[in-house]
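The lines below spell out each chain.
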Amino acid sequence: MGKLTVRALRAVLVVVLIGTALIQVLMVWTLATDPEDGSLPLTPLRLITILGMVSVQVTGVCVWRLVTMVRRGTVFSPAAFRYVDGIIGAITAASLLWFAVTAVNAPGQREDPGVSVIMAGIGLAILGVALIVLVLRTLLAQAVAREVEAAQMQAELDEVI
């Protein structure tokens, strides 16, 4: 991975982390100062938003750590699984939070239930992303196993020589 790519990715991650932190601060401030008017259940939606931003932040930190491991050449090690598992968990949590938004929003969509169906479909798509990352984790596990096997073979070859 080139230096420009790493810098660009890290710049995007910094912007995302700062943006999500600002959204969380605004949501907490809004929870404390802006009462509900009754048209929408705002408090649950605001709490879900805060938790959703946490899932984005967890993903951002895990990606940052994985990029660091890639730059150091240590990504094919068991330590990488912790961060990939963090990403899978955060995406799964985001999917569950989206389903919660769908459930909170559904009573207001009685006249047009298609919106709720579309929102549920988006939740399934988010869950699908978590499953894709799980497949990628399996590929990482295979690569780590091959790396360990190659190291063992190299050690045996070194003994012979």
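Residues numbered from 1 in each chain as written. Predicted model: local features only at pLDDT ≥ 70, side-chain atom pairs only at ≥ 80, totals over all residues. Heavy atoms only, no water.

Caption draft 1: Inspection of the overall build of the chain at higher detail. Looking only at helices and strands, the chain features 4 helices and 0 strands. From first element to last, N terminus to C terminus, the chain shows the α and β order α-α-α-α. Over its C-alpha atoms the chain spans a radius of gyration of 21 Å, topping by over 25% the 15 Å that the globule rule assigns to 161 residues. Principal axes of the C-alpha set define a box for the chain whose edges measure 80 × 30 × 25 Å. For the chain, the residues scored as buried account for 27% of the 161 residues in total. As displayed, the chain offers around 10300 Å² of accessible surface, 71% of which is attributable to carbon and sulfur atoms. Across the chain, 11 positive and 11 negative side-chain charges occur, with their mean positions spaced 10 Å apart. (Helix = DSSP H or I, 4+ residues; strand = E, 2+ residues; numbered from the N terminus. Rg over C-alpha atoms; globule rule 2.2 N^0.38 Å. Buried < 20%, exposed > 50% of the residue type's maximum accessible area, 1.4 Å probe, protein only. Areas by Shrake-Rupley, 256 points an atom, 1.4 Å probe, with all protein chains shown as cover. Lys, Arg positive; Asp, Glu negative; His and termini not counted. Charge placed at Lys NZ, Arg CZ, Asp CG, Glu CD.)

Caption draft 2: Inspection of helix H1 (residues 3-33) at higher detail. Between the first and last C-alpha of H1 there are 45 Å, a value that for 31 residues agrees with the 45 Å anticipated at 1.5 Å per step. On its buried side, H1 packs onto helix H2 (42-72). (Expected span 1.5 Å × (residues − 1). Contact = heavy atoms within 4.5 Å.)

Caption draft 3: Representation of the environment of Val-14. Within the secondary structure, Val-14 is located in helix H1. Classification of Val-14 by relative accessible area gives partly exposed; the value is 36%. Taking the C-alpha atoms as reference points, Val-14 and Val-144, separated by 130 residues in sequence, lie 29 Å from one another.

Read these as layout, nothing more, since geometry by itself doesn't imply function.
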